[in-house]
Structure formats: structure tokens, C-alpha cells
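# Structural features, examined
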2 protein chains.
Amino acid sequence: MNAPVLPLTAADVYDAQRRLRDVAAITPTLSHPALDQAAGRSVVVKVEALQRTGSFKFRGAYNALAALDRAARQLGVIGASSGNHAQALALAGQLHGVPVTVVVPHDAPRSKIDGARSLGARIVTYHRERDDRDQITAALAADQGYTVVPSANSPHVMAGAGTVALELAWQAPGLTAILVPVGGGGLAAGTAVAAKHVNPRVRVIGVEPETGADTAASLRTGALAELPSVPDTIADGLRHTSPAPLPWEINRVMLDDIVTVTDSQIVRAMASAFQHLKVVAEPSGAVALAALEQPGPAPGPVGVVISGGSVGIGSFHRFMTDPSHWREPADA
Amino acid sequence: MNAPVLPLTAADVYDAQRRLRDVAAITPTLSHPALDQAAGRSVVVKVEALQRTGSFKFRGAYNALAALDRAARQLGVIGASSGNHAQALALAGQLHGVPVTVVVPHDAPRSKIDGARSLGARIVTYHRERDDRDQITAALAADQGYTVVPSANSPHVMAGAGTVALELAWQAPGLTAILVPVGGGGLAAGTAVAAKHVNPRVRVIGVEPETGADTAASLRTGALAELPSVPDTIADGLRHTSPAPLPWEINRVMLDDIVTVTDSQIVRAMASAFQHLKVVAEPSGAVALAALEQPGPAPGPVGVVISGGSVGIGSFHRFMTDPSHWREPADA
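Residues numbered from 1 in each chain as written. Chains lettered and ligands numbered in written order. Predicted model: local features only at pLDDT ≥ 70, side-chain atom pairs only at ≥ 80, totals over all residues. Heavy atoms only, no water.

## What about the sheet that holds strand 1 (residues 29-30) of chain A?
In a beta sheet, neighbouring strands pair by backbone hydrogen bonds and run either parallel or antiparallel. All names here are of chain A. Pairing is mixed across the open sheet formed by 6 strands, whose spatial order is 1-2-10-7-8-9. Two strands bound the open sheet, and with one partner strand each, they are strand 1 and strand 9 (257-261). Sheet topology note: the strand 8 (residues 203-209)/strand 9 ladder contains 5 bridges and is parallel. In the strand pairing of strand 9, Glu208 is matched with Thr260. (Pairing = 2+ DSSP bridges. Helix = DSSP H or I, 4+ residues; strand = E, 2+ residues; numbered from the N terminus.)

What follows is the structure in C-alpha cells.
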């Protein structure tokens, strides 16, 4: 039996790394004795909250635009996102001189919309209940000749995300496992391809919110699962009902495991990032750090990706002071 | 007339840099369009909140211990601090295998005391009103043979602090000015010596809290000033009544200017660091960023040092929600 042909190779990630050189930040890795103690092993945290526009998404967006031909660049690109992908795409467009349209829900946080607009993006809003986001995006793309840049479901976007793992492998050689958030699955797929190319024995473990474990469910059955409704979790960037198809093709064969975390664990991880690392992590960005609370089987140093920091000061405070997050979970 | 012989040379800072290699973090520089816009010029932020133990103090403490002879190492060191210097000294002692005693006020935040203790330091408490901290420190040092490591008033400590500026000069060449917090004055002195060695034309500007402007007052008269009482400011690390003597010898001839900031400006800078840079800055650590709000005369890119991130989540929230900090200052 032949190995399946995957939609992403390590060579694609190295190409992305070359394109991102001197453009994306080489984000720092941080550590703290309290995290080592919590995990019972040495912990290296890769902080993509300190990436340009505040999340790893900039890497994929920039790489996707770099791969466009001249005609496509002139016509412009479009992407749908309420958060990090919108800002990433806006900055990538500004740097490449490519017109960007982002399709955002009408009730998206003002700060995120303003962020994308101040970077020159055109904003198109839709109504969450009334409108179909993908339909609006596709219609505009067809009408205007825009290229659609998805937030995960694209080889170029996954390749950009994979550069996080290439950097981490160089900054912290000898990791035995890497914990990475899973939403659409692009970061996990890019990480698995890149990290295992550098070290085939490293375990790549995805982390999902307990209520939004669509990739975990898919891995259990081996087939792409669909959750009955949009997950209720504070990790707003991971509220997917099913994995994106292209990342799924990779994750189904390359992820070693998926673990899930509760909202309470996510909040405690955000607090830990603030107190120990002096870093702002948004809920979706903190899920891998939250998984450290769980007893892990494998020894050896573990890498953890904090994927983004887009959380307002008021929201941060509400998460920190909601007493329900500070009770011990029933199963602890 | 001969130039005065200063208690710190650029060679001392390069020595410190060599000792700190692979021990101190090379902290990242961050930038954000909103900061550029606020300052009307390009802004590069050097984030020492991401240094080990959460502040630049680790550099000086480690360098001071590295310079001790064998006998002094065996006897141990002592330092007085309610915060960052205590934790820095504790970690430096752990790494060097040198016993550390820190003298802390009895009402210092539990988290900071626990931080130093968990790094193996012996804790001696004193009563702020009743006891003389320096007397206790000196008595213990004399009795036990400890070497006193001050938080600023030492050439080795200033040299360690100066490595911040060496890194910044390499990470962001061509800065026309550097804004740096001034408490005891060690960071400002180290920065002035190092930055002007690399580029004699760079302006080094100290920043103090408006109510704790002891170095500003000293610069005005040319003689070491003494404030009548401990300054009332949220910048608890900068509540000095007079500059430390050795840093003052340098700052009086090398600082280009001192500017002051209000507590409200400090709080807004902490909010800006959170929102735009995704970084936790403590009040004392944010004063240089706060000075960006003031119209600066010189054009060209400016460097800003966020010197520390030791602020609890609860305190951070109280600063953010105190309405007095969000009114426009009367003189704006």
C-alpha cells in the first residue's frame, strides 16, 4: 500500500519560511519553573501572540499572497473571519500591495474590525443568523475576480503556519512532544508536517475545547465528523463544527493524539500566561497551555504553542473573575 | 579640563554581555502601528518583561554574582528589594550556586516573596515604618560575611542593565533616541554608556513618575536632590527619594533629558502594551512607553524599554478600571 499523497510537504513549509524571512517575526520561546512543575517536565512555550497582528495567522496569509500570480494580485483577495485571519490578511495585503476584502459578522468586536480597516482592508459585514458567510464570500469572489484565502483550508496557509514549528525545532531542539491548538486544523497540520520532518519521533498532539472536539471525534471514527451545532466555548476561534478538509487529510494520519480542555482550564492557562510569562493569550490561543494541566504520559521536554493574543482588557477581566472558572472541575 | 572618570565603561557592559550569553534571554523587540501613530515616529519596544524573572534586573544580579571571587561566593550575598531585584538575585544565586538572602518588607506581595523563596532564597522581613532596611542589610552582611548586591548602585549591576541597550542597538540599528525608566538610575546609566558607545549621537532620555522626579530635580540643579517623602505613585519600583550615587555620576553627564509622566499616562501605557503588544507591563515598567504620549521634538525612530512585568491580575484590573486614570489630565 502506498502512503497517501498529502496536500502539504515539508518543502512547502521551507518555501514559506524563505518567503517570511524578514517579514514575519521570529517569535520568542519562553519558559517558567511554575509551568515545568505543573507539567512534571520541561516546557517551552512558543508565543505567536507576539507575531505581527497578534497571531500565527499572519504567516499563512502572507505566504498565500506571496504565491499569487500578477493578475490575481491586481484583482485582490477575499477572506472570511471575525478575528485573527482578517487582520492577518489585511496586513499581508498591505505589504504585498494586494487589495483585501474581509467578510466579518456584523457583531464582531469593533476593535478587530477597526484593526483590519486601519490596515487598508475593505470590510463587508454579514448577519450571523440570516446570511451564509461562505456564500457571500464566494459570490463576491466570483463577481470581482477575487482569490479566496481561507483561514486554514489551503496548502499555502498551512505551510505558513508550519513555519511556527520549524522555528520551534530550531529554538528548542530535542522536544519529545508539541501541543498545538486545533480549530480548522491548519496550524496542527503544518506543525505535524514540519516538526516530524525535522524529528520523525516527535509527538504532535492537538488540543480542542471539550465542547468543540470535532477533530477528536473525526479521529475516533476515521471520518470527518460534524458537530450538531456551533460549540459553546470561550475559545471563539475554535468554534468549528467540523475540521477543514485539507488539514484533516493531514491530521488524520499525522496527529499522534487529540486532547480536550474545559473553559475553566483555558481561563487558568490565560492567567498563568499573564502571571508567569507576562504574555496576553486569548482563549483560543491558550488551549495548548491549558492541556499541560492534564497528566501527560511521555517524559521529555514539551513544546506548547500560544497561538494568539486577541482578547480585550474587559473580556480578559470577565474571564478571570467568573467564579465558575475557578472551581475545581468535577472530574479532577 | 579632563572628562570625569565614570564608574562604568562600555567595556564593562561588553564583559557583562559575554557573561550573560546563553543565560539571560535575548528579549524581543516589538512594534505596532498604533504606537508609531501615537508617537508620530517609528517606535521599537524592547520587552524586558519577557526577561527571566520578569524584569531586566536579572541581568545585573547575574553579572554581579559572576564577578565574585570564590570565597565571597561561598559566603553568599544579600540584597534588599520588595520585588524584581529579589527574584532576580534569587535566580542568579541558584544558577551560580551562591546562597542568597533577600530583605523584604513584611507587607510585600506574597507572590513576589514566594517567587524568591521558590528559587531558594532565604527571606528576611522588616517592618516598613519601624525598621531601617539598609541597616538590617548591612548588619546581616557584616555578621555573616555576605556581599551586598544593590539593585542599582553597583558597577556590575549597571553593566548588566546596559546589555539591554547593546541588544537593542543590534536589534534596531539607527535609533535616534531611547526612552528608559529611571528609579535608582542603574538602567538609565547602563543604557547611556552602552548606547552612546555604539552611537554617540543617540539621545538617551530618562522617564520618571511626576511625583517621584528625584533624578529630574537633581539634573536641574546639578546636585543630588532628596525628595521630602516617599513619592506617591503606582510605579512602586520607582519610589526613590534620591538617585543612587553611582548611577547619578553617570546620568548627570550622559542623560540628554528627563521627562515625567502621570499615573494616568502610566495606566494608559499598560493598556496599550496589553492591547497592541500582547505584553504585561507593570506600572514602573511602563513609564517609558507612557512618555510616548508626550509630543517629542526629535524625528527618527525611537526605542522604548518596558523594564518589567510584575503586576498581579487583580492589581492590573484595578488600575484599568479606576476612572481617575481615564480622565484627560488637566494639563492636556
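## Considerations on the packing of aromatic side chains
The geometry of two aromatic rings is summed up by the distance between their centres and the angle between their planes. Inspection of the entire model under this criterion finds 6 aromatic pairs over all chains. Judged by centre distance (5.3 Å) and plane angle (75°), the ring pair of A:Phe316 and B:Phe274 falls under edge-to-face. Highlighted residues: A:Phe316 in helix 14 (residues 313-321) and B:Phe274 in helix 12 (residues 263-277), drawn from two different chains. Exposure class is identical for A:Phe316 and B:Phe274. Each is buried. Every member of this aromatic cluster is reached through a ring pair, and the members are A:Phe274, A:Phe316, B:Phe274 and B:Phe316. (Phe/Tyr/Trp six-rings, centres within 6.5 Å; stacked < 30°, edge-to-face > 60°. Buried < 20%, exposed > 50% of the residue type's maximum accessible area, 1.4 Å probe, protein only.)

## Focus: the relation of the copies chain A and chain B
The transformation that overlays chain A on chain B combines an axial shift of 0.0 Å with a rotation of 180°, and the residual RMSD is 0.0 Å. These values place the two chain copies in the arrangement generated by a two-fold rotation axis. Closest to the rotation axis within chain A is the C-alpha of A:Val279, separated from it by 2.4 Å. By residue overlap, the copies meet face to face through one surface: 100% of the interface positions of chain A are interface positions in chain B. (Least-squares fit on C-alpha atoms with pLDDT ≥ 70 in both. Contact = heavy atoms within 4.5 Å.)

## Considering unusual backbone geometry
Residues and elements named next belong to chain A. For Asp22, which is not a glycine, the phi torsion comes out positive at approximately 65°. Tracing the backbone through its elements, the reader meets Asp22 in the loop between helix 1 (10-20) and strand 1. For Asp22, a relative accessible area of 77% puts it in the exposed group. Phi angles above zero are rare outside glycine, and Thr53 is one such case at about 65°. Mapped onto the secondary structure, Thr53 falls in the loop between strand 2 (43-47) and helix 3 (57-66).

## Describing the pairing of strand 4 (residues 100-105) of chain A
All names here are of chain A. Within strand 4, 6 of the 6 residues are buried, leaving the element largely enclosed by the surrounding structure. Alternating positions in strand 4 separate into two faces, Val100, Val102 and Val104 on one and Thr101, Val103 and Pro105 on the other, with burial throughout. Strand direction decides the pairing type here: strand 3 (residues 77-80) and strand 4, joined by 4 bridges, are parallel. Looking at strand 4, one finds that Val77 is bridged to Val100. As for the winding sense of the linkage, the β-α-β connection from strand 3 through helix 5 (residues 84-96) to strand 4 is right-handed. Bridge count for strand 4 against strand 5 (residues 122-126) is 5 bridges, and the pairing is parallel. Residue Val102 lies in a different strand from strand 5, and its bridge partner there is Ile123. Note on the crossover from strand 4 through helix 6 (residues 110-118) to strand 5: the handedness is right-handed. (Right-handed = clockwise from strand over helix to strand, strands pointing away.)

## Digging into the domain arrangement of chain A
All names here are of chain A. According to the domain assignment, chain A consists of domain 1 (10-55 + 154-325) and domain 2 (58-148). For domain 1 versus domain 2, the distance between C-alpha centres works out to 24 Å. With 24 residues of domain 1 at the contact, the number on the domain 2 side is 15 residues. Taken over both partners, the interface formed by domain 1 and domain 2 buries close to 1,600 Å², and the fraction arising from carbon and sulfur atoms is 56%. (Domains from an automatic or database assignment. Buried area = accessible area lost by both parts, 1.4 Å probe.)

## Some words on the environment of B:Ala71
Among the structural elements, B:Ala71 can be located in helix 4 (residues 70-75). Each C-alpha atom of the pair B:Ala71 and B:Gly145 lies 9.7 Å from the other, and the pair is 74 residues apart in sequence.

## Points about the pairing of strand 8 (residues 203-209) of chain B
Residue and element names in this part refer to chain B. Counted residue by residue, strand 8 has 6 buried out of 7 residues, so it is predominantly covered. Bridge count for strand 7 (residues 177-181) against strand 8 is 5 bridges, and the pairing is parallel. When the bridges of strand 8 are listed, Pro181 appears paired with Val207. Each parallel crossover has a hand, and for strand 7 linked through helix 9 (residues 186-198) to strand 8 it is right-handed.

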